[in-house]
Amino acid sequence: MTFNTVIAGARLDWGVASDVGAVRETNQDSYCVEAPVFVVADGMGGQSAGDAASREAVAAMTVLAGRVPITGDMLRTALADARDRIGKIEVDHGRPP
């Protein structure tokens with residue numbers, strides 16, 4: 001997928017792609033490409049609930065989408081929310097088979 005937008009007079013073009021890789025059956029990566037938020041969260045396929053963690057991390061960051069400017073406080077709040085969301089995910093504390 002490719003996208004573009006204009007922010008503060010500058011044209012931005014970007015794309016996004018992700019791949020499951022050669023080892024896993026599912027892709028646990030998540031992303032947000034809604035200007036000015038460009039974030040990728042690697043699902044860490046070898047870890048329990050890696051897919052949930054990547055989704056929650058990105059969900060926390062998407063609240064900033066479409067907001068210009070984004071302040072340091074806004075970013076810190078979104079990152080703290082991501083940490084909280086990930087901390088609430090129930091896991092079996094092991095690696096999946």
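How each quantity is defined
Residue indices follow the written sequence of each chain, beginning from 1 at its first position. For a predicted model such as this one, the threshold for reporting local features is a pLDDT of at least 70, and the threshold for listing and counting side-chain atom pairs is 80 or more; totals across whole chains, interfaces and linings nevertheless cover every residue. Excluding hydrogens and water, the side-chain values take into account all heavy atoms of the structure. Here the aromatic set is Phe, Tyr and Trp, taking the six-membered ring for Trp, and pairing holds for ring centres within 6.5 Å; pairs whose planes are under 30 degrees apart are stacked, those over 60 apart are edge-to-face, and all others are tilted. Runs of H or I in DSSP of at least four residues are treated as helices and runs of E of at least two as strands, each being numbered from the N terminus. Here's how the labels work: a residue is buried when its accessible area is under 20% of the maximum for its type, exposed when over 50%, partly exposed in between, all with a 1.4 Å probe on protein chains only.

Colleague: Report on the packing of aromatic side chains, specifying residues and quantitative values.
Modeller: The full count for this structure, using the stated rule, is two aromatic pairs. Pairing Phe 3 with Trp 14 gives two aromatic rings, centres 5.8 Å apart and planes at 20 degrees, and the pair type is stacked. Remark: Trp 14 occurs in strand S2 (residues 10-15) and Phe 3 occurs in strand S1 (residues 2-7); sequence separation between them is eleven residues. Assessed through its relative accessible area of 15%, Trp 14 is described here as buried. Here the aromatic cluster, defined as three or more aromatic residues joined through ring pairs, consists of Phe 3, Trp 14 and Phe 38.

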